[in-house]
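Spelled out from the first residue to the last, the chains are:
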Amino acid sequence: MSSSGIHVNKSVVLLILAITVGIIIFKNYKYFNTFLMKKNTEVEMTEISQAVLDKAKTLDVKTHRIKVKIKDGQSVEIVYRDILPKLGGRDILFLHGQAFSSEDWEKTNTLAIFSALGYQPVAVELPEGKSTKSEKVDVGDRGLFLENLITALDLRTPVIVSPSMSGSYSLPFLFVDPANVSKRSAGFVPIAPVQTESYSPEKYKSLNIPTAIVYGENDKSIGPASTTNLKNLPDHELYMIKGAGHAARKDKPEEFHLILYKFLLKETK
């Protein structure tokens, strides 16, 4: 009996409490469900499965050459790497920095891993850089060159991964027609790219493309300024890779792979 003299039946109280909680959950099901799904996704996405990594070890990267149109009706021979057969998944175009080449994406197992995940990764050698095996020529308008390259490779609105020097190709390509950028690329993954200062904050705000800005914690060269400018993009997420330098994706490939995979799952369908 309670202090007021009223007898309290604990079973009845528990039943009423259970019914009340049930009503609350029923009325707010979609919110509870969203929360639970989010928590599960976070748990499941702490790593790329061992089965995928094992499958990646069985895949062979192939090297090809293709002619791409440049200025004055000329063409340049470009080297690129991919994995056959093509599985029909989302195309991912991997570019490279001044000191690197498409081979680095092979060495870090990036191409094999994302092929094993069901995507169609392609790494190209730009017509400049210390290690490129493509013809080294002045292609003129770099944005137009990248557009011609994507067409020659038959890529469909690829996600563009653009480290360092390659920003001088990817940014002009994306800014050609900001209003229709979704028809040109499904997503942008800049890794401390150059030439970000060439565009105003207002210009960035006009480019509504899903973006994962990646930079290394120890990058004291291009990274800080590049990241500051890119943060003006309206649809972006920011990822710092701890312990990595300017070549963050090469310094910490496992961390980079997970960042890219999460981005692809969330932003591109």
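Worth saying up front: this structure is predicted, and the values here are computed from it rather than measured. Every chain is numbered independently, its residues counted from 1 as its sequence is written. With the structure being a predicted model, the display of local features is reserved for residues of pLDDT at least 70 and the display and counting of side-chain atom pairs for 80 or more, all residues being used for whole-chain, interface and lining totals. The side-chain numbers reported here are obtained from all heavy atoms of the structure, hydrogens and water having been left aside.

J.: Go over the side chain of Glu128 with me, naming the residues and quoting the values.
T.: Positionally, Glu128 belongs in the loop between strand S4 (120-124) and helix H6 (142-152). Whether two residues touch is decided by their heavy atoms; if any such pair falls within 4.5 Å, the residues are in contact. Residues contacting Glu128, with those up to four places away along its chain left out, are His96, Gln98, Arg142, Met165 and Tyr169. Starting at the N terminus, helices and strands are each numbered in turn, a helix being any DSSP run of H or I of at least four residues and a strand any DSSP run of E of at least two.

J.: Describe the environment of Gln74, with residues and values.
T.: Turning to its location among the elements, Gln74 is positioned in the loop between strand S1 (61-69) and strand S2 (75-83). Owing to a relative accessible area of 45%, Gln74 belongs among the partly exposed residues under this scheme. Leave out the neighbours within four places in its chain, and Gln74 touches Val68 and Lys69. Only protein chains enter the area calculation, which uses a 1.4 Å probe; residues under 20% of their type maximum are buried, those over 50% are exposed, and those in between are partly exposed.

J.: Go over the sheet that holds S4, please, and point to the residues and values.
T.: DSSP calls a pair of strands paired once it identifies at least 2 bridges connecting them. Strand order in the open sheet made by the 8 strands is S1-S2-S4-S3-S5-S6-S7-S8, with mixed pairing throughout. Pairing within the sheet leaves two strands with one partner each, and these edge strands are S1 and strand S8 (236-241). The sheet shows a mean angle of 20° between the axes of neighbouring strands, taken without regard to direction. With axes taken as lines fitted to C-alpha atoms, and helix axes fitted only over the stretch in contact, angles between N-to-C directions fall between 0 and 180 degrees. The strands that helix H7 (residues 167-175) touches are strand S5 (159-163) and strand S6 (187-191); relative to S5, the one it contacts most, it runs at about 140°.

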